[in-house]
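The residues making up each chain are set out below.
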Amino acid sequence: MANPNWRTINIDALDPDSPANFDLTTLTPAVNPVSTADVQSLAGQIRQLLRGGDSEGALQGALENPPYGADDKGKEVHLATVIEILQSIRQADMSPILSRIYSAPGGTEALDVLMKYIYKGMAQSNTAGTTRNITPQATGFSQIHARGGGEGGGQAMSVLLSWHEKLVEIAGPGSIVRVMTDRRTV
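Residues numbered from 1 in each chain as written. Predicted model: local features only at pLDDT ≥ 70, side-chain atom pairs only at ≥ 80, totals over all residues. Heavy atoms only, no water.

Participant: Would you explain the overall build of the chain in this entry?
Facilitator: The secondary structure content of the chain amounts to eight helices and two strands. Ordered by position from N to C terminus, the α and β elements of the chain give α-α-α-α-α-α-β-β-α-α. Going through the 186 residues of the chain one by one, you find that 32% of them count as buried. For the chain, the accessible surface area stands at approximately 11600 Å², while carbon and sulfur atoms represent 55% of it. (Helix = DSSP H or I, 4+ residues; strand = E, 2+ residues; numbered from the N terminus. Buried < 20%, exposed > 50% of the residue type's maximum accessible area, 1.4 Å probe, protein only. Areas by Shrake-Rupley, 256 points an atom, 1.4 Å probe, with all protein chains shown as cover.)

Here it is as structure tokens:
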């Protein structure tokens, strides 16, 4: 009998209770696939509410139907719609709207979805701002533009930070934890 080197044996492969043998797909909740056309149709309906002056109804409509099963294009369309809604609401109206959504049935879930969109909007504006403003030079160094195109995302970030502050004030820090642990992405 050959003596195998005991240091090279993968004991996790032999243990049925090992995390290496755990199927990670069981952690991801099942979501229904959503087409981009359906997301665009929903975005049109939400924009109609927004144009009609019902910004709270538009926000609730956007938060009640997040396209978890959509492709990246559909998710970007819905994100743009949610950010447009958030930018159209005055700062004085934020807390009352969030309080009404929170007290409604399913309000905690809706505010968690809003937190997901706030974080995704923050991530989107950070990556867009850093990649656009770097110009490679013939000398091998890159020139970073501080003015011009780089300052347009500051207002959107300010709006998102204001919403984040009000949302944590109403829903509490538990919303942040739920968003970070939820595997469904918006």
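Participant: In this structure, what is going on with the nonpolar core? I would like to understand it.
Facilitator: By size, the foremost hydrophobic cluster in this structure holds 34 residues, and its most contacted members are Leu 59, Ile 85, Leu 86, Leu 114, Ile 118, Trp 163 and Leu 167. Elements represented by at least two residues in this core include exactly α2 (36-51), α3 (55-64), α4 (72-88), α5 (91-103), α6 (107-132) and α7 (153-171). Among the elements that line this core, the one with the most residues is α6, at eight residues. When neighbours within four sequence positions are excluded, Leu 167 is seen to be in contact with Leu 98, Leu 111, Leu 114, Met 115, Ile 118 and Gly 172. (Core = buried A, V, L, I, M, F, W, Y, C linked by side-chain atoms within 4.5 Å. Contact = heavy atoms within 4.5 Å.)

Participant: What exactly am I supposed to notice about the packing of α2 against α4 here?
Facilitator: Helix packing geometry: the angle between the two helix axes and the distance between the axes. Two elements in contact, α2 and α4, have axes whose closest approach is 8 Å; the angle formed by their N-to-C orientations is 10°. When the axes of α2 and α4 are compared, the pair comes out roughly parallel. Facing Thr 36, Val 39, Gln 40, Leu 42, Ala 43, Ile 46, Arg 47 and Leu 50 of α2, the residues of α4 in contact are Lys 73, Gly 74, Val 77, His 78, Ala 80, Thr 81, Glu 84, Ile 85 and Ser 88. Of the residues that constitute the contact of α2 with α4, the class distribution is eight nonpolar, six polar and three charged. (Axes fitted to C-alpha atoms, helices over the stretch in contact; angles between N-to-C directions. Parallel < 35°, antiparallel > 145°, perpendicular 65-115°, else oblique. Nonpolar A, V, L, I, M, F, W, Y, C, P; charged D, E, K, R; others polar.)

Participant: Teacher, can you tell me more about a nonpolar patch on the surface here?
Facilitator: Nonpolar side chains collect at one region of the surface, where Trp 6, Ile 9, Ile 11 and Leu 14 lie side by side and expose about 510 Å² of accessible area between them. Mapped onto the fold, Ile 11 is located in helix α1 (residues 11-14). (Patch = residues over 30% accessible without salt bridge, like charges linked within 9 Å, V, L, I, M, F, W, Y side chains within 5 Å. Salt bridge = Lys/Arg side-chain N within 4 Å of Asp/Glu carboxyl O.)

Participant: It is not clear to me how the packing of α3 against α5 should be interpreted in this structure. Could you clarify?
Facilitator: Relative orientation of the contacting elements α3 and α5 amounts to 45°, with a least axis distance of 11 Å. Between α3 and α5, the interaxial angle falls into the category oblique. When you trace α3 past α5, the crossing you get is right-handed. Contacts from Ser 55, Glu 56, Leu 59 and Gln 60 in α3 reach Ile 97, Arg 100 and Ile 101 in α5. For the contact of α3 with α5, the per-class residue count stands at three nonpolar, two polar and two charged. (Left-handed = near helix turned anticlockwise from the far one by under 90°.)

Participant: Please clarify how the confidence of the model for the chain should be interpreted in this entry.
Facilitator: The predicted structure's coordinates, where accompanied by low pLDDT, should not be read in detail. When pLDDT is averaged across the chain, the result is 86; 83% of the residues are at 70 or more. Predicted confidence for residues 146-151 stays below pLDDT 50, and this span has four contacts to residues more than four positions away or in other chains. (pLDDT = per-residue confidence, 0-100.)

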